[in-house]
Amino acid sequence: MAAAAASVLSPQLPVRYRGSHPNFRRTPILCPSHQNSTSRVAKFGMGVAVRFSLQAENFFFDVASEAELKKKGFMGMRKTKLVCTIGPACCSEEQLERLARGGMNIARLNMCHSTREWHRDVIRAIKRLNEEKGFCIAVMIDTAGSEMPLLDHGSASSTKAEDGSLWLFTSQKSVGSCPFTIQVSIEGFSEGILVGDELVVDGGMATFEVVEKVGNDLHCRCTDPGLLLPRAKLSFWRAGKLVTRNSMLPALSTKDWADIDFGISEGVNFIAVSFVNDASDIKCLKNYLYSRSPDFIGVLAKIESPESLQNVHEIIEASDGIIIARGDLGVQNPLEEIPAIQQKITHLCRQSNKPVVVASQLLQSMIEYPIPTRAEVADVSEAVRQYADALMLSGESAIGLFAENALSVLQIASEQMELSSRRESCQSLLLQPQLAESSVERIAEEICNSAVEMANNLGVDAIFVYTKRGHMASLLSRNRPNSPILALTDNAGTRNGMTLHWGVIPINLQLSDDMESNITETTQLLKASGCLKSGDLIMAVSDSDVSGSSGALSAFQSIQIRAIV
Ligand SMILES: Nc1ncnc2c1ncn2[C@@H]1O[C@H](COP(=O)(O)OP(=O)(O)O)[C@@H](O)[C@H]1O
Ligand SMILES: C=C(OP(=O)(O)O)C(=O)O
Ligand SMILES: [K+]
Ligand SMILES: [Mg+2]
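A short tour of the structure in this document, coming up. Residue positions are given per chain, counted from 1 along the sequence in the order it is written. Naming scheme: in the order in which they are written, chains are lettered from A and ligands are numbered from 1. Only residues with pLDDT of 70 or above have their local features reported here, since the model is predicted, and side-chain atom pairs are shown and tallied only from 80 upward, although totals for entire chains, interfaces and linings are computed over all residues. Side-chain numbers here rest on the full set of heavy atoms in the structure, without hydrogens or water.

### Observations concerning the pairing of strand S7 (residues 138–142)
For the record, the criterion: Burial status follows relative accessibility: with a 1.4 Å probe on protein chains alone, a residue under 20% of its type maximum counts as buried, one over 50% as exposed, and anything between as partly exposed. The way it works is that DSSP assigns letters per residue, a run of H or I at least four long becomes a helix, a run of E at least two long becomes a strand, and they are numbered from the N terminus. Two strands are counted as paired when DSSP detects at least two bridges linking them. We call a crossover right-handed when, viewed with the strands running away from us, the connection from the first strand over the helix to the second turns clockwise.
Counting buried residues along S7, five of its five residues qualify, which places the element largely inside the surrounding structure. Residues Ala-138, Met-140 and Asp-142 of S7 are buried on one face, and the alternating residues Val-139 and Ile-141, pointing to the opposite face, are buried as well. Bridge analysis of strand S6 (residues 106–110) against S7 gives five bridges, and the strand direction is parallel. Looking at the pairing, Ile-106 lines up with Ala-138 of S7. A crossover links S6 with its parallel partner S7, the connecting element being helix H3 (residues 116–133), and its sense is right-handed. One ladder, built from three bridges, connects S7 with strand S18 (residues 270–273); its direction is parallel. Following the sheet pairing, Asp-142 is matched in S18 by Ala-272.

### Focus: the coordination of the potassium ion (ligand 3)
Threshold: Atoms of type N, O and S within 2.8 Å of a metal are treated as its donors, and for Na, K and Ca the window is 3.2 Å; water is not considered, so some sites may appear to be missing partners.
The coordination sphere of the potassium ion (ligand 3), as far as protein atoms go, consists of Asn-110 (OD1), Asp-142 (OD), Thr-143 (O) and Ser-274 (OG), spread over 2.7 to 3.2 Å. All donors to the potassium ion (ligand 3) come from one chain, and their sequence spacing reads N-x31-D-T-x130-S. In this structure the magnesium ion (ligand 4) is found 5.5 Å away from the potassium ion (ligand 3). Taken together, the residues Asp-142 in strand S7 and Ser-274 in the loop between S18 and helix H5 (279–292) connect sequence positions 132 residues apart. Accessibility expressed as a relative area gives 0% for Ser-274, which makes it buried.

### Some thoughts on the site of ligand 2
What counts, and what does not: If a single non-hydrogen atom of a residue is within 4 Å of a molecule or strand, that residue counts as near it. Two N or O atoms form a polar contact when they lie within 3.5 Å of each other; inside protein one atom must be a possible hydrogen donor and the other a possible acceptor, and for residues adjacent in sequence the pair counts only when both atoms belong to side chains. Computed by Shrake-Rupley with a 1.4 Å probe, the accessible areas treat only the displayed protein chains as cover when residues are assessed. Charged residues are taken to be Asp, Glu, Lys and Arg, nonpolar residues to be Ala, Val, Leu, Ile, Met, Phe, Trp, Tyr, Cys and Pro, and polar residues to be all remaining types, Gly included.
Taken together, Arg-108, Asn-110, Lys-233, Lys-302, Glu-304, Ala-325, Arg-326, Gly-327, Asp-328, Ser-360 and Met-392 are the residues near ligand 2. Between an oxygen atom of ligand 2 and a side-chain N or O atom of Arg-108, the distance comes to 3.2 Å. Protein coverage of the free-state accessible area of ligand 2, which is 290 Å², stands at 92%. Among the elements that make up the shell around ligand 2, the one with the highest residue count is helix H8 (residues 326–332) (three residues). The residue inventory of the shell around ligand 2, partitioned by class, reads two nonpolar, three polar and six charged.

### A closer look at the site of ligand 1
Taken together, the neighbourhood of ligand 1 is formed by 14 residues, with Arg-108, Asn-110, His-113, Ser-114 and Lys-233 sitting nearest. In this structure, an oxygen atom belonging to ligand 1 sits 2.8 Å away from a side-chain N or O atom of His-113. The fraction of the free accessible surface of ligand 1 (520 Å²) that becomes covered by protein chains is 78%. When residues of the shell around ligand 1 are traced back to their parent elements, those giving at least two are S6, H3 and helix H11 (395–398). By residue class, the composition of the shell around ligand 1 is five nonpolar, seven polar and two charged.

### Focus: empty space enclosed by the protein
Put simply, the rule reads: The way it works is a 1 Å grid over only the protein atoms, where trapped points that fit a 1.4 Å probe form a cavity and open points with protein on both sides within 12 Å along at least five of seven lines form a pocket, and then any residue with an atom within 4 Å of a point lines it. Grid points are joined across faces, edges and corners, and a volume is the space filled by probe spheres set on the points.
Scanning the model with the defined rule gives four cavities of 30 Å³ or more in all. Here the second largest cavity is characterised by a volume of approximately 50 Å³. Lining the second largest cavity are Cys-349, Arg-350, Asn-353, Lys-354, Pro-355, Asp-389, Ser-474, Ser-477, Arg-478, Arg-480 and His-501. Secondary structure elements with two or more residues in the lining of the second largest cavity: helix H9 (338–351) and helix H14 (471–478). At three residues, the largest contribution of residues to the lining of the second largest cavity is made by H14. Residue classes in the lining of the second largest cavity are distributed as two nonpolar, four polar and five charged.

So, to be careful, I would describe these as geometric facts and stop short of saying anything about function.
Quick look at the structure:
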């Protein structure tokens, strides 16, 4: 390919004086509240009235982002993405729509629970919301995986295990009537377990000592009293060390492969793989998807086992993103190690340009209460301060009494911490290690690093990036710019994949070979809808693979700065 040119075309430098804190002075964009976003009449160029829509086939800007932009301006737009686990508490069309309006970017379906028919109905309801109401919610399925054994004590509420009490742990069914018997979900759960080993429930909710083993059944004495919640997870410890059993099991079971086929046929956008051990699990699934799925499906590796921690570098390299699954991570690792693990993985992911989701127990108390604890807000804020791409709700949305409140806490806490991070200029450019191998890739990477530095220095309101595969959008996001990245693409798979990236707002645009006309179309439509106004400063970055065969200068990778007139 001919050497791509990084050109700064028409650098009409700031026409506005931006004050001493250029990145924070924002005037909310004014727009008439009665405007209907799906069909409006606007005046263009020579005064000809034309009908246009921001949710039309050739230009699709999702309604939630449009509303957020109009309410808060470019700088007020939230950068941290929000994932909601869908469960019985939030699965009706009305509830899903409220979550979509409340900022849900990705809906997660945990294939551990409910039937495939239930999951199908939810996925189709979300797709209907996207198609009929103009949202851009991506769908993620999460495999059951070779899970930890779960316990069932025969009741929907918790049971107390008293100090010294004797309990039977068995995989035999119909134990509900016997109060000191616990049914375990996996038949061979006690394989390799010895008398004297410790059985730990949910990372320490209660602890037992194995006093006798009869066949596969374990007779245990409670040594550390506590609560046994429904579907709590078990782990075994010997002499202070975890007795590892999971690495022996395949990360993808027969059920998981059937769920993956189901996901492909329902057109999901991401597959999260539970209990990944090493990169081979991820490579195998990616190859499978490549040959079976017509559209891109991102493969996210869940880091939740000691093996995945050991192999974390190769797993990040092989996957399209990472979920820090702190729930199971805390069952198999000392809790005090989790914060440092989270910090290390978020940092590694950003360096490798892979999106990272911080998951589990973010707002656990909100399953029952309408407001979070101070500590939970601090935990959420810390993940945002670390520049995680996304935060995930589990039980808070799936079975919680206050799913929408929980989402709104994530939304508000993210915005607040993003604002204070910008204020403190915490986000000075990371010295990003070079990723690119070919010279064309190197140019793309350098352009994005420089573009963000330039955008921050100039205080641009928004960065537009024209992209086919989303690569330049992700490289811009990796630099965590102050302004949002409006990523324009004509590829549906790319658009959905970008929902997970920090600060990227995916927009569908029928891309032309002529970059000038792409930029003109974007600015005209956004301006006519009230999203962009005179005096706004935008940066337009174009990706080399947007170019057609014309070879015009505008087809190359470029950075342009435009003041909107
Ligand atoms: N599709 C579903 N159907 C019923 N309950 C669900 C569903 N998804 C999640 N849940 C409930 O929400 C809780 C939290 O979800 P999650 O963290 O994804 O699962 P787990 O606790 O099994 O790791 C689960 O324990 C389960 O009780
Ligand atoms: C997200 C997690 O996985 P799951 O909810 O599927 O157990 C976790 O363990 O934190
Ligand atoms: K799972
Ligand atoms: Mg887990």
